[in-house]
Amino acid sequence: MAITALPPSTDADIARVTEALAMITPRWNVRIMLALSGPPLRYSELAAKLSWLQAGQLHPKLTSLCDAGLVERTEHTGRHVTYGHTERGAALLLVLPVIVTWAEEYLETAERSLPAIEQIEDSLTLLTRRHAAAILWVLKSREEVSGRALARIVMPDSDSTNVYPPLRQLVADGLVDTEGMGRPYRLSAAGAGLGPVLGTLSAWSAGQPLAQAAHHPVWGLPQAKPAPKSWVSSQSRPSPAGLPPGRTVEAAPSWNNRDLFSHATPARPKAPIQAGGPRR
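Thresholds applied
- Residues numbered from 1 in each chain as written.
- Predicted model: local features only at pLDDT ≥ 70, side-chain atom pairs only at ≥ 80, totals over all residues.
- Heavy atoms only, no water.
- Axes fitted to C-alpha atoms, helices over the stretch in contact; angles between N-to-C directions.
- Helix = DSSP H or I, 4+ residues; strand = E, 2+ residues; numbered from the N terminus.
- Parallel < 35°, antiparallel > 145°, perpendicular 65-115°, else oblique.
- Contact = heavy atoms within 4.5 Å.
- Nonpolar A, V, L, I, M, F, W, Y, C, P; charged D, E, K, R; others polar.
- Core = buried A, V, L, I, M, F, W, Y, C linked by side-chain atoms within 4.5 Å.
- Buried < 20%, exposed > 50% of the residue type's maximum accessible area, 1.4 Å probe, protein only.
- Salt bridge = Lys/Arg side-chain N within 4 Å of Asp/Glu carboxyl O.

*Asks:* Looking at this structure, how should I read the packing of helix α6 (residues 96–106) against helix α7 (residues 116–127)?
*Replies:* With their axes 9 Å apart at the nearest point, α6 and α7 run at an angle of 85 degrees to one another. With respect to α7, the axis of α6 lies roughly perpendicular. Contacts from Leu 96, Ile 99, Val 100, Trp 102, Ala 103 and Glu 104 of α6 reach α7 at Ala 116, Gln 119, Ile 120, Ser 123, Leu 124 and Leu 126. For the contact of α6 with α7, a count of residues per class yields 9 nonpolar, 2 polar and 1 charged.

*Asks:* Explain the nonpolar core to me, please; I cannot follow it from the model alone.
*Replies:* Generally speaking, nonpolar side chains in soluble globular proteins are found buried as a group. Of all hydrophobic cores here, the largest spans 71 residues; its most connected members are Trp 102, Leu 136, Leu 150 and Leu 198. With 8 residues, helix α8 (residues 132–142) is the single largest residue contributor to this core.

*Asks:* How do you make sense of the pattern of salt bridges when you look at a structure like this?
*Replies:* When charged atoms on two side chains of opposite charge get close, those side chains can pair. In this structure the tally under the stated criterion is 7 salt bridges. The residue Glu 121 makes a salt bridge to Arg 31 at a minimum N-O spacing of 2.8 Å. Residue Glu 121 is found in helix α7, and its partner Arg 31 is found in helix α2 (residues 29–35); the two are separated by 90 residues along the sequence. Assessed through its relative accessible area of 10%, Glu 121 is described here as buried. Linking Asp 173 and Arg 129 is a salt bridge whose minimum nitrogen-to-oxygen distance equals 2.9 Å.

Following this line, the structure appears as structure tokens:
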């Protein structure tokens, strides 16, 4: 069933991303997924890595992650059970560095540098606001939209005034800008910078290679237009010349999941959010 008045393919895309965010945003879920990096663990081994979780908190979290298809429970014998990532859960870990990169640029403040795990959790909290994904999608597609028009697109079966609370929250979070009451809404620099995050989440939730994020119809990288060639009536053939030396490509830095628990980067906000996500 359609949740917005957008085209069915876009509506389905937003629904998948919203569902993906709902899987990983609940408290401790990302930390549990990171603790499971590596070989499968027994329950006691996993609990030892998450010793700050209170008794009774880990089991229901593991159950929900298993139900979501991110964690696999393997029963070797009656008394030997291990937990590990599914293939889908392992692929999700590759999304996390993309979120950290966005958070380092837009959530950091000069007063305090956050560990990477907190950057991820704060970013996910912003994106799981009610109707946030749909509103961001529309603003990215149409640049500037009035509140009434957004209401007709994002929540067509609801009263138009219901769009303003989530809009005000997105403005407070620094993802959306407006010049005042009655003026249209548009993405802020931080909101527009979510392209790699939402594009990667879209690819992951659709079961596609994460490289497809660059080709997302809304959040993908803009395609450069080829420069027009100058027309010359008669061109002389150039004499053969030696080929330039091949360009070397720097290797991408390797990502270590353990860095998420201790990572701290210097604050360098290019467009800091005035009222960002919650801080713990």
